[in-house]
There are 2 protein chains.
Amino acid sequence: MRHIVVDAMGTDTAPAPEVEGAILAVRAGWAKVTLAGPQDLLRRELARRDARGLGIEIAHASQVVTMEDAAAKAFRLKRDSSIRVAARLVRDGKAHGMVSAGNTGAVMATAKITLGVLEGVERPALAAVLPNSKGTATALLDVGANVDCEVHNLEQSAVMGEIFYRVIFDAKRPRVGLLSNGQETHKGNSLTREACARLKALPLNFVGYVEGRDIYNGRLDVIVTDGFTGNVVLKTSEGMVEVISSMLREALSSTTSAKVGYVLARRALQAFKKRVDYSEYGGAPLLGVRGVCIICHGGSNANAIKNAVRVASEFALGQVNEKIEHELAGVSLGRK
Amino acid sequence: MRHIVVDAMGTDTAPAPEVEGAILAVRAGWAKVTLAGPQDLLRRELARRDARGLGIEIAHASQVVTMEDAAAKAFRLKRDSSIRVAARLVRDGKAHGMVSAGNTGAVMATAKITLGVLEGVERPALAAVLPNSKGTATALLDVGANVDCEVHNLEQSAVMGEIFYRVIFDAKRPRVGLLSNGQETHKGNSLTREACARLKALPLNFVGYVEGRDIYNGRLDVIVTDGFTGNVVLKTSEGMVEVISSMLREALSSTTSAKVGYVLARRALQAFKKRVDYSEYGGAPLLGVRGVCIICHGGSNANAIKNAVRVASEFALGQVNEKIEHELAGVSLGRK
């Protein structure tokens, strides 16, 4: 049984989703949970929900980071924020991992500085787990932790993403691809061309260049890219779901039959949208930090928080970080 | 009245869509059209369709570039390809512009080498015209002509894209944005940070950084990015439409009412998909070459070819290239 600390003040409607999600995760037997946030508020919330006997503890934090806070400033000025209290519990070995639906930039910066990075890792990478047309999951990384990537950052992302996928999805040999503007080896930009040759030399099931359309067709398990491109891809996907939704609403408002169709279509689209809102799907792991850090979307509900606690627990139990350090030590990366 | 040459051998089902599209465009009074391709074949195709009196001419080309041909090789080895014959007519002033649905890489390379680039332009940029939720169009460039961009390439793209949008969509002050991983000025990668400052200094209605979701929400008219990111965004969008289609098929096959909804949803999605398949929407202009070059999707039908002829004609009539040279001469770009 792993011990996960949940930042209780991250979601847009905090702390309700966090408190309920923690209760659900503990009831499911997935983890022991501590909530980080204002003690009095959290005590009241737990009391209202009959959480007696679940052993949910509270780690008091007097400050809350908002979406408006810049990442570095939040770290510097809010030393007693719920994010930082959660990260400290992980750093000090009092919890195996943390879950936060707070300001992504602030969570990434706080986790990186407080926890430090794993041996062999230069910069952490944020992995989004996306749905695909085969009904499986495709991990895309980096989606924003590291916008100016060099070749060895992409190599490290490939190794980290592959191990994460192997452990969490119980996959033997995940297929890893490098995102490019075409499959042929002469395609790509100067970064991907060098990285492609390097990734071939790693002990991975590396298929070479893949294209944007491979993100959703299920041909790949892990897709590696720089944090700039990954972030743009993710937000483009979110925007596209919006426009398709509104377009379908128009197309399906003409007749009663069509309206029934729209209700069903909307339900399917909402399910899809939740998963494209990356962190809904059990959250997005920040790979490469010394500890477990799962970042959820600000709009997460209790179920999303519950799933993130499960992923954090599996991440710790599956010893993802130990494997990352071990495998990075065994390969020679093109570090400058 | 402008004279447009259509590469008759580009689409997957060539030359039928090209011949029919040419006939439709001439009947609409949009342009005089010459078809480039094998003379005997095209004569037969025109005769079958009663094109007498339309004045459609044939420029004989004995070779055809396939999707398998590498761009540079196609240019070097197929000197009498329909793409190259079309480009030569434009270069020699015998046509005002060309339309091709052939191998995009080969068309770009052939147009660039045969036509040359405009004064003040270092590299051409391919602009995709995408649908958005406001029902207007957003131009995204570059989507693949120039994968390794420097700051001055992005500046040139911004100027070229803005002029193109102004002329083709009859817009007074198109809103121009620079694609980034966040709207705040501290976001972006090293390329976009420098470019953002430079774009602010240009005489454009520049709104600063925009995000992936702005591609489809209609907030912007022109979005500038490097050819690598632009290509990935475009192909991600195509892939996403596929997966949403298949997901809706499943969701809407349960009841008769739902099936009616699916038929309507599919129709709406197909219309959307055609526009995301960028070049369906009147084709994607290759901006910056000395002449007019509109690139269509390989799956284009006669209507798409017809619309591309219209865009090529408007491009020439609107003197887009003259404006590009004039405006680039008037601004000091951060050229190295």
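Quick summary incoming for the structure in this document. Here the structure is a predicted model, which is why all the values come from computation and not from measurement.

Here's the deal with the relation of the copies chain A and chain B
Then, number 1: Under the fitted operation, chain A is carried onto chain B by 0.0 Å of movement along the axis and a turn of 180°, and the coordinates agree to an RMSD of 0.1 Å. Both copies are brought into coincidence by an operation consistent with a two-fold rotation axis. For chain A, the minimum C-alpha distance to the rotation axis belongs to Gly261 of chain A and amounts to 1.9 Å.

Things to note about unusual backbone geometry
Then, number 1: Between Ala14 of chain A and Pro15 of chain A the backbone carries a cis peptide bond, its omega angle lying at 5°.
Then, number 2: For Pro15 of chain A, the location among the structural elements is in the loop between strand E1 (2-7) and helix H1 (16-27).
Then, number 3: Following Leu141 of chain B, the chain continues to Asp142 of chain B via a peptide bond in cis, the omega torsion being 5°.
Then, number 4: Mapped onto the elements of the fold, Asp142 of chain B is located in the loop between strand E6 (137-141) and helix H6 (151-168).
Then, number 5: Of note in the backbone geometry, Asp50 of chain B takes a positive phi value of approximately 55° without being a glycine.
Then, number 6: Counting through the fold element by element, Asp50 of chain B comes out in the loop between helix H2 (39-48) and strand E3 (57-60).
Then, number 7: Positive phi, normally seen in glycine, also occurs at Gln319 of chain B, with a value near 50°.

Description of the pattern of salt bridges
Then, number 1: Counted by the stated rule, this structure contains 38 salt bridges over all chains.
Then, number 2: Where Asp69 of chain A meets Lys78 of chain A, a salt bridge forms, and the shortest distance between an N and an O atom there is 2.7 Å.
Then, number 3: The class of Asp69 of chain A is partly exposed, set by a relative accessible area of 22%.
Then, number 4: For Arg175 of chain B, the salt bridge is made with Asp221 of chain B, and the minimal N-O distance between the two is 2.8 Å. One end of the pair, Arg175 of chain B, is in strand E7 (residues 175-179); the other, Asp221 of chain B, is in the loop between strand E8 (205-210) and strand E9 (222-224), and 46 residues separate them in sequence.
Then, number 5: Using a relative accessible area of 28% as the deciding quantity, one classes Arg175 of chain B as partly exposed.
Then, number 6: On the basis of relative accessibility, which here comes to 8%, the residue Asp221 of chain B falls in the buried class.

Let's talk about the interface of chain A and chain B
Then, number 1: Contacts between the two partners involve 48 residues from chain A and, on the opposite side, 48 residues from chain B.
Then, number 2: Between chain A and chain B lies a buried interface of about 4,100 Å² when both sides are counted; carbon and sulfur atoms form 73% of it.
Then, number 3: Three residues, Phe228, Lys235 and Met240 of chain A, lead the burial of chain A against chain B; their summed loss comes to 16% of the area buried on that side.
Then, number 4: Where chain A meets chain B, there are twelve residue pairs in polar contact (both at pLDDT 80 or more).

Notes on the sheet that holds E7 of chain B
Residues and elements named next belong to chain B.
Then, number 1: Sheet architecture is open: eleven strands sit in the order E3-E2-E1-E4-E11-E10-E5-E6-E9-E7-E8, paired in mixed fashion. This sheet does not close on itself; its edge strands, each paired only once, are E3 and E8. For this sheet, the mean inter-axis angle between neighbouring strands, taken without regard to orientation, is 25°.
Then, number 2: Pairing of strand E1 (residues 2-7) with strand E2 (residues 31-37) involves six bridges; the strand directions are parallel. Along E2, the bridge assignment pairs Arg2 with Ala31.
Then, number 3: Strand contacts of helix H4 (residues 82-91): E1, E2, E3, strand E4 (97-100) and strand E11 (292-295), with the helix running at about 165° to E4, the strand carrying the most contacts.
Then, number 4: Packed on one face of the sheet, H6 meets strand E5 (125-131), E6, E7, E9 and strand E10 (284-287) and runs near 165° to E9.

Considerations on the packing of aromatic side chains
Residues and elements named next belong to chain A.
Then, number 1: Applying the stated criterion across every chain yields a total of four aromatic pairs over all chains.
Then, number 2: Between Phe164 and Phe315, the ring centres sit 6.1 Å apart and the planes meet at 40°, which makes this aromatic pair tilted. Remark: Phe315 occurs in helix H10 (residues 302-317) and Phe164 occurs in helix H6 (residues 151-168); sequence separation between them is 151 residues. Phe315 carries the same exposure label as Phe164, and that label is buried.
Then, number 3: Positioned over the ring face of Phe75 is Arg84, at 4.0 Å from the centre of the ring.

Examining the sheet that holds strand E3 (residues 57-60) of chain A
All names here are of chain A.
Then, number 1: Taken in spatial order, the eleven strands of this open sheet run E3-E2-E1-E4-E11-E10-E5-E6-E9-E7-E8, and their pairing is mixed. The open sheet has two edge strands, E3 and strand E8 (205-210), and neither has a second partner. Adjacent strand axes in the sheet meet at a mean angle of 25°, parallel and antiparallel pairs treated alike.

Overview of the packing of H1 of chain A against H10 of chain A
All names here are of chain A.
Then, number 1: Between H1 and H10, the least distance of the axes is 7 Å, while the angle of their chain directions is 50°. Judged by the inter-axis angle, H1 sits oblique to H10. Where H1 crosses over H10, the two elements pack in a sense that is right-handed. Taken together, the residues of H10 that come into contact with H1 (itself represented by Pro17, Glu18, Glu20, Gly21, Ala22, Leu24 and Ala25) are Ala302, Ile305, Lys306 and Val309.

Rules used in this analysis
Residues numbered from 1 in each chain as written. Chains lettered and ligands numbered in written order. Predicted model: local features only at pLDDT ≥ 70, side-chain atom pairs only at ≥ 80, totals over all residues. Heavy atoms only, no water. Least-squares fit on C-alpha atoms with pLDDT ≥ 70 in both. Helix = DSSP H or I, 4+ residues; strand = E, 2+ residues; numbered from the N terminus. Salt bridge = Lys/Arg side-chain N within 4 Å of Asp/Glu carboxyl O. Buried < 20%, exposed > 50% of the residue type's maximum accessible area, 1.4 Å probe, protein only. Contact = heavy atoms within 4.5 Å. Buried area = accessible area lost by both parts, 1.4 Å probe. Polar contact = N/O pair within 3.5 Å; in protein donor to acceptor, adjacent residues only side chain to side chain. Pairing = 2+ DSSP bridges. Axes fitted to C-alpha atoms, helices over the stretch in contact; angles between N-to-C directions. Phe/Tyr/Trp six-rings, centres within 6.5 Å; stacked < 30°, edge-to-face > 60°. Lys NZ or Arg CZ within 6 Å of the ring centre and 35° of its normal. Parallel < 35°, antiparallel > 145°, perpendicular 65-115°, else oblique. Left-handed = near helix turned anticlockwise from the far one by under 90°.

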